[in-house]
Amino acid sequence: MVNTANTARADFLGFAFEAMETADAVRRLAATASSGGPLLSVVTPNADHRVRLAREPALWPLYHSAGLVLNDSRVLARLARFDGIDLPASPGADVVAGLFETVIRPDEPVVIIGGVETDIHALRARFGLADVRWHQPPRGLRDNARAIDAAAAFMAANPARFHFICVGSPQQEMVADAARARGDVRGVALCCGASLEFLSGRVARAPRWMQAAGLEWLFRLAVQPRRLARRYLIEGPAIFRIWIAARHTKA
């Protein structure tokens with residue numbers, strides 16, 4: 001693994017985070033992608049991921065086997081600070097934007113797993129991409145081992161420095177893990193959720209001040225209430241119970 005930044009590991013709520021700012025993460029991924037070494041699978045857990053893991057602990061190996069774990073959540077960053085842990089947020093959407101804006105060359109191949117056709121067209125137009133290799137897995141991916149393997153095989157058959165996996169969680173972590181296990185995929189595989197929706201302009205992102213204040217979830221809820229109400233209003237608050245339980249365990 002190529003390390004181009006002075007970063008430290010931050011163990012928090014079961015994750016072995018690499019404590020790095022967004023710019024450092026972009027530099028790290030750029031260097032690793034160009035090194036020619038084994039695939040670096042990158043997961044970007046947030047509070048929602050941690051709440052799901054409390055319900056489904058069998059998913060933990062997907063995070064423990066990843067080559068790099070970045071903190072996607074300013075909520076987790078703030079909770080970690082209460083525990084005396086320096087855990088900067090490196091939101092996946094910001095990391096992906098940094099890669100497209102400053103690292104990816106227009107003429108190099110880029111692999112995208114998931115997303116929708118309008119996003120692919122928009123990304124091609126915005127960044128002048130000449131070689132986007134797109135694979136759209138079927139619905140029900142989580143319970144379809146053959147489709148997960150097919151997505152990983154597509155990554156192997158289409159060599160690229162960067163593979164963006166945006167099929168939702170935990171499906172994207174499953175695809176990344178399958179690609180890593182193959183041993184014949186190179187570059188960086190980034191589990192990036194809705195990042196391409198934001199980058200293409202199809203879905204609006206919160207203003208910078210709301211992001212900095214840790215209120216991006218509120219903006220997303222206002223924009224997509226039917227899709228996100230359960231996640232943010234019913235399931236999401238469990239992160240505080242999980243955090244309190246972890247503090248009591250340490251004590």
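Above this text sits the structure in question.
Below, the structure is looked at part by part. Quick caveat: nothing in here was measured; it's all calculated off a predicted structure. Per chain, residue numbering runs from 1 following the sequence as it is written. Whole-chain, interface and lining totals are the exception, using all residues; otherwise, since this is a predicted model, local features are given only for residues with pLDDT of at least 70 and side-chain atom pairs are given and counted only at 80 or more. Side-chain metrics rest on all non-hydrogen atoms present in the structure, leaving aside hydrogens and water.

## As for the sheet that holds strand β4 (residues 68–69)
Within the open sheet, the six strands sit side by side as β4-β3-β8-β7-β5-β6. Their pairing is parallel. Edge positions in the open sheet fall to β4 and β6 (132–135), since each of these has one partner strand only. Following DSSP output, two strands are said to pair if at least two bridges run between them. Runs of H or I in DSSP of at least four residues are treated as helices and runs of E of at least two as strands, each being numbered from the N terminus. Sheet topology places strand β3 (residues 40–43) next to strand β8 (residues 188–191); three bridges connect them, and they run parallel. Residue pairing in the sheet places V42 in a bridge with L190 of β8. Of the strands in this sheet, β5 (110–114), β7 (162–166) and β8 touch helix α5 (residues 92–102), which is tilted by about 145° from β7. The criterion used for residue contact is that any of the two residues' heavy atoms lie within 4.5 Å. Every axis corresponds to a line fitted to the C-alpha atoms, with the helix fit spanning only the stretch in contact, and the corresponding angles, defined between N-to-C directions, vary from 0 to 180 degrees.

## Looking at the layout of surface pockets
A cavity here means a set of 1 Å grid points, computed over protein atoms only, where a 1.4 Å probe fits but cannot escape. A pocket is an open set with protein on both sides within 12 Å along at least 5 of 7 lines, and lining residues have an atom within 4 Å of a point. Grid points are joined across faces, edges and corners, and a volume is the space filled by probe spheres set on the points. Its boundaries defined by the atoms lining it, the second largest pocket holds a volume of some 220 Å³. Lining the second largest pocket are 13 residues, with A97, E101, L199, R205 and R208 sitting closest to its centre. For the lining of the second largest pocket, the secondary-structure elements that each account for two or more residues are α5, α9 (195–200) and α10 (208–212). For the lining of the second largest pocket, the element with the highest residue contribution is α5, accounting for five residues.

## Re the environment of R124
Along the chain, R124 turns up in helix α6 (residues 117–127). Categorising residues by exposure relies on relative accessible area from a 1.4 Å probe, with only protein chains included: less than 20% of the type maximum marks a residue as buried, more than 50% marks it as exposed, and the intermediate range marks it as partly exposed. For R124, a relative accessible area of 30% gives the class partly exposed. C-alpha separation for the pair R124 and L233, spaced 109 residues apart in sequence, amounts to 36 Å. Residues within four places of R124 in sequence aside, it is in contact with L129 and V132.

## Things to note about the packing of helix α11 (residues 216–223) against helix α12 (residues 225–235)
For the pair α11 and α12, interaxial distance at closest approach is 7 Å and the crossing angle is 140°. Where α11 crosses over α12, the two elements pack in a sense that is left-handed. Judged by residue contacts, W217, R220, L221, A222 and V223 of α11 engage P225, R227, L228, A229, R231, Y232 and L233 from α12. For this scheme, ten residues count as nonpolar: Ala, Val, Leu, Ile, Met, Phe, Trp, Tyr, Cys and Pro. Four count as charged, namely Asp, Glu, Lys and Arg, and the remainder, Gly too, count as polar. Split by residue class, the contact of α11 with α12 holds nine nonpolar, no polar and three charged. The handedness criterion is simple: a crossing whose near helix is rotated anticlockwise from the far helix by less than a right angle is left-handed, and one whose near helix is rotated clockwise is right-handed.

## Some details on the pattern of salt bridges
We define a salt bridge as a contact between a side-chain nitrogen of Lys or Arg and a carboxyl oxygen of Asp or Glu at a distance within 4 Å. The tally for this structure, following the rule as stated, stands at 19 salt bridges. The residue R227 makes a salt bridge to E197 at a minimum N-O spacing of 4.0 Å. Within this pair, whereas R227 is found in helix α12, its partner E197 is found in helix α9, the two being separated by 30 residues in sequence. Owing to a relative accessible area of 17%, E197 belongs among the buried residues under this scheme. Residues R230 and E235 are paired through a salt bridge, measuring 3.1 Å at the closest nitrogen-oxygen approach. For R230, a relative accessible area of 52% corresponds to the exposed category. A single network of salt bridges, built from pairs that share partners, joins D94, R205, R208 and E216.

## Quick notes on the pairing of β3
Residues L40 and V42 of β3 are buried on one face, and the alternating residues S41 and V43, pointing to the opposite face, are buried as well. Taken together, the two bridges between β3 and β4 define a ladder with parallel strand orientation. Following the sheet pairing, V42 is matched in β4 by L68.

## Some details on the nonpolar core
The criterion is simple. A nonpolar core is a set of buried Ala, Val, Leu, Ile, Met, Phe, Trp, Tyr and Cys residues joined through side-chain atoms within 4.5 Å. Ranked by internal contacts, the top residues of the largest apolar core, which has 47 residues, are F12, F17, I113, M155 and I165. For this core, the element with the highest residue contribution is helix α7 (residues 145–157), accounting for seven residues. With residues up to four places along the chain from it excluded, the contact list for F17 reads A8, R9, A10, F12, P45, V69, L70, N71, L76 and L87. Core analysis: the second largest hydrophobic core is formed by 32 residues, A33, V42, F100 and I120 among them.

Don't take any of this as a statement about function, it's just geometry.
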